[in-house]
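# Close look at the chain arrangement
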There are 2 protein chains.
Amino acid sequence: MADLLYKTILKDLEKRIFNNEFPAKKLPDERTLTSQYGVSRSSIKRALNVLASEGIVFKKRGSGTFVNPLYLKNRSLFNYEGSNLGVTDSLRADGKKPGIKVLDFSVIPATKEMQTDLFLQEEDFVYQIRRLRLLDDQPVMIETGYIPIRIAPELSRTIVSGSIFNYLEDKKNQTVTKSFLSIEAQPSTKEDQELLGLTPQEPVGVMSGIFFLDDGTPFELSNMRLHYQYMKYNALVELK
Amino acid sequence: MADLLYKTILKDLEKRIFNNEFPAKKLPDERTLTSQYGVSRSSIKRALNVLASEGIVFKKRGSGTFVNPLYLKNRSLFNYEGSNLGVTDSLRADGKKPGIKVLDFSVIPATKEMQTDLFLQEEDFVYQIRRLRLLDDQPVMIETGYIPIRIAPELSRTIVSGSIFNYLEDKKNQTVTKSFLSIEAQPSTKEDQELLGLTPQEPVGVMSGIFFLDDGTPFELSNMRLHYQYMKYNALVELK
DNA sequence: TTTGAAAATTGATACGGTCCAATTTTTTGA
DNA sequence: TCAAAAAATTGGACCGTATCAATTTTCAAA
C-alpha cells in the first residue's frame, strides 16, 4: 500500500496532523521536513501537494504550510478517498448486503449515440443489461448498461447477475478505473415508483456516463436511476 | 496565462492532439519530447500528467503514452475545465442573463453546526442570506447562505444582491477557490414549488457545502436548491 | 514454427541542485 | 518613533541524473 516513499510521508504527516502535533497549525518548512525525513525535497513537495489537493493543508509561498483548521475540527466531513467518491463506494459504504436482480439481458444493435460514445462501427451490437440493485433486500437503483459485444463476447446472464467489473478483473485481467459521470435529479417515472418503492412525489437521482478500461477503451454506457435517499455525491470542487 | 513552461507544453500538446498530429494515437516517448521541446523531462512529465488527469491521454509504463480515442471522436463530452465543473460555471454556462432576488438578509447567532463547520465560537453571529437566482428572469435556484460576521462585517443588502464572491475579490482582495459539496436529489417542498415554479411531482437538486477562501478559512455554509432541470453536475471519477 | 529467456523501450520514483517570487522579519535612517 | 529599505524565510518552477518496473521486441534454443 504505502510502499512508495511519498505515500509513506503522506500517511505519516496525515497522522501527525490528526494527532495535533502541529498545535500552531503550521507545518515545518519544506527544507526542514526534507532533513527530518531524510528524503529529497521533491518527495516532500509531492506529499504536501497531495495533502493540499485533498484540502487537508494549504500552502502560502513565503509564509509556510498550514493545517486546514476545519480538517481537525470536523473530520467527518472529509471522509472521501480522493477528490471524488464513486458509485460503488457509496453503495458499499454502510456495510449493507448488496444484491442484484437481472431485469433484462439482451443484444441490440448499437444506436447512433452508442456508436459515438462507445467508439463503435455501424454494424456493431451491444448487450443491454437492466439490473435492479438492492441493499439489504431493499431496492435502491435501476441500472441500465450497454456493453459492446466485441469487448466481452462471452458475457452471460449468470455473469451479469454478479459484478461485471469484478468478473473483468478476475477473469480477463482488465480493470475499470475511470468514468465520466453526469449527475442530475429527475421526477420518478411509473416504473421507478414500482421498482424502487417511491411515491409519485419522490424523485430519483440519475447518474449517467461512461466507464473506461485501464487502457482508455470505453467499456460501458451506463444509466443509473437511484432512490433519492441513496444518492449522495461528495466532491471537492476547485473554482478557477 | 501560459507563462509557465509546463503549461505552454500542455497547451501545445493539446493543440497537436486535436489537430490529429498523432494519427497512430501514440505520442512520442517522454525522452524524445524532452529533446523536441528542449526542456527537462520533469516538465514534460508534469504536462503529460495534467493531460492524463483530464482524460485526454493515458499512459502505460513500458508501452507509451496514447491519445484517448474518445477525446478526438466525441470532443463535446470532454468540455469540462478541470476534473469538476462548479456551480457558478454551470449557471454561467449558456450565456443567459443571471439575476438575483434577495429573499432574506438578517443576522442570527451561529448554530452548533455552523460553529463546527465555519470554525466559530459560541458567541459568534452569522449573516443569513436567502436569495433566489434567476436565469433570463426564470427562477432556477434558492440559495441559503451563512457567512460569519467576523469575516465580512460590512456586508449589506446591496452587496448581497450582487455576487458576494466578486465583491470579496474586488474590494477585499480575497478569493474563493475551493468548496466541498454534497450533491443529492429531494422532493420539492411547498416553498420550492412556489418559488421555482415546480409541480409537486418535480424534484429539486440539492447542493450543499462549504466555500473556502484562498487561505483555507471557511467562508460560507451554503445550501442550494435547484430547479431539477438546471442541475447537471459533471465529474471525472477515478475508481481506486 | 514455437517457446522462452534476454535485451531494449518506456514511464515512475526519487535525488539534489539552481534560481525565482511572495511573504515576513530585521535593520536602517530620517 | 516609525516608515522605508534590506535581508531572511519559504514555497514554486525547472533542470539533469540515476535507478527501477512494466511492457514490448528480439533472438536463440527446442
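Up top is the structure.
Residues numbered from 1 in each chain as written. Chains lettered and ligands numbered in written order. Predicted model: local features only at pLDDT ≥ 70, side-chain atom pairs only at ≥ 80, totals over all residues. Heavy atoms only, no water.

## Quick notes on the overall build of chain A
- The helix and strand tally for chain A stands at 9 helices and 9 strands.
- Within chain A, residue pairs in contact and separated by at least 24 positions form 57% of the contacts whose partners lie at least 6 positions apart.
- Accessible surface for chain A amounts to roughly 11,900 Å². Of this, 50% is attributable to carbon and sulfur atoms. (Helix = DSSP H or I, 4+ residues; strand = E, 2+ residues; numbered from the N terminus. Contact = heavy atoms within 4.5 Å. Areas by Shrake-Rupley, 256 points an atom, 1.4 Å probe, with all protein chains shown as cover.)

## Here we look at the environment of K59 of chain B
Residues and elements named next belong to chain B.
- Here K59 lies in strand β1 (residues 57-60).
- Here K59 falls in the partly exposed class, since its relative accessible area comes to 32%.
- On a C-alpha basis, the gap between K59 and R31 in space is 14 Å, while along the polypeptide they are 28 residues apart. (Buried < 20%, exposed > 50% of the residue type's maximum accessible area, 1.4 Å probe, protein only.)

## Overview of the packing of helix α1 (residues 5-18) of chain B against helix α3 (residues 41-53) of chain B
All names here are of chain B.
- Interaxial distance between α1 and α3 falls to 9 Å at its minimum, and their mutual angle equals 55°. Judged by the inter-axis angle, α1 sits oblique to α3. Note on packing geometry: the crossing formed by α1 with α3 is right-handed. Of the residues in α3, those touching α1 at L5, Y6, I9, L10, L13, E14 and I17 are S43, I44, R46, A47, L48, V50 and L51.
- Taken together, the residues that form the contact of α1 with α3 break down as 11 nonpolar, 1 polar and 2 charged. (Axes fitted to C-alpha atoms, helices over the stretch in contact; angles between N-to-C directions. Parallel < 35°, antiparallel > 145°, perpendicular 65-115°, else oblique. Left-handed = near helix turned anticlockwise from the far one by under 90°. Nonpolar A, V, L, I, M, F, W, Y, C, P; charged D, E, K, R; others polar.)

## Topic: the protein's contact with DNA strand D
- For DNA strand D, the set of nearby residues contains 23 residues, the closest of which are E30 and R31 of chain A together with L5, S40 and S43 of chain B.
- In DNA strand D, atoms within 4 Å of the protein come from the sugar-phosphate backbone in 65% of cases.
- The backbone of E30 of chain A places a nitrogen or oxygen atom 2.8 Å from a phosphate oxygen of DNA strand D.
- Taking S40 of chain B, its side chain carries an N or O atom lying 2.8 Å from a phosphate oxygen of DNA strand D.
- Secondary-structure elements contributing two or more residues to the surface near DNA strand D are α2 (30-37), α3 (41-53), β1 (57-60) and β2 (64-67) of chain A together with α1 and α3 of chain B.
- Per-element accounting of the surface near DNA strand D gives the leading share, 3 residues, to α3 of chain B.
- Looking at the surface near DNA strand D residue by residue, the classes come out as 4 nonpolar, 9 polar and 10 charged. (Near = heavy atom within 4 Å. Polar contact = N/O pair within 3.5 Å; in protein donor to acceptor, adjacent residues only side chain to side chain.)

## Section: the pairing of strand β4 (residues 125-135) of chain A
Residues and elements named next belong to chain A.
- Of all 11 residues making up β4, 9 are buried, and the element is well covered by its neighbours.
- Where strand β3 (residues 98-109) lies against β4, 11 bridges are found, and the strand directions are antiparallel. Pairing of P98 across the sheet is with L135, part of β4.
- Summarising the sheet, β4 and strand β5 (residues 138-148) pair through 10 bridges and their orientation is antiparallel. Pairing of V126 across the sheet is with P148, part of β5.
- Taking the residues that link successive antiparallel strands as the turn, the β4-β5 hairpin has 2 residues, and the phi of D136 there is positive, at about 50°. (Pairing = 2+ DSSP bridges.)

## Topic: the protein's contact with DNA strand C
- Surveying the vicinity of DNA strand C reveals 22 residues, the closest of which are L5, S43 and R46 of chain A together with E30 and R31 of chain B.
- Here DNA strand C approaches the protein such that, of its atoms within 4 Å, sugar and phosphate make up 65%.
- Contact distances for DNA strand C include 2.2 Å between a phosphate oxygen and a backbone N or O atom of L5 of chain A.
- Here a base nitrogen of DNA strand C sits 2.8 Å away from a polar atom, N or O, in the side chain of R31 of chain B.
- Those elements that provide at least two residues to the surface near DNA strand C are α1 (5-18) and α3 of chain A together with α2 (30-37), α3, β1 and β2 (64-67) of chain B.
- Tallying contributions element by element places α3 of chain A first for the surface near DNA strand C, with 3 residues.
- Classifying every residue of the surface near DNA strand C gives 4 nonpolar, 8 polar and 10 charged.

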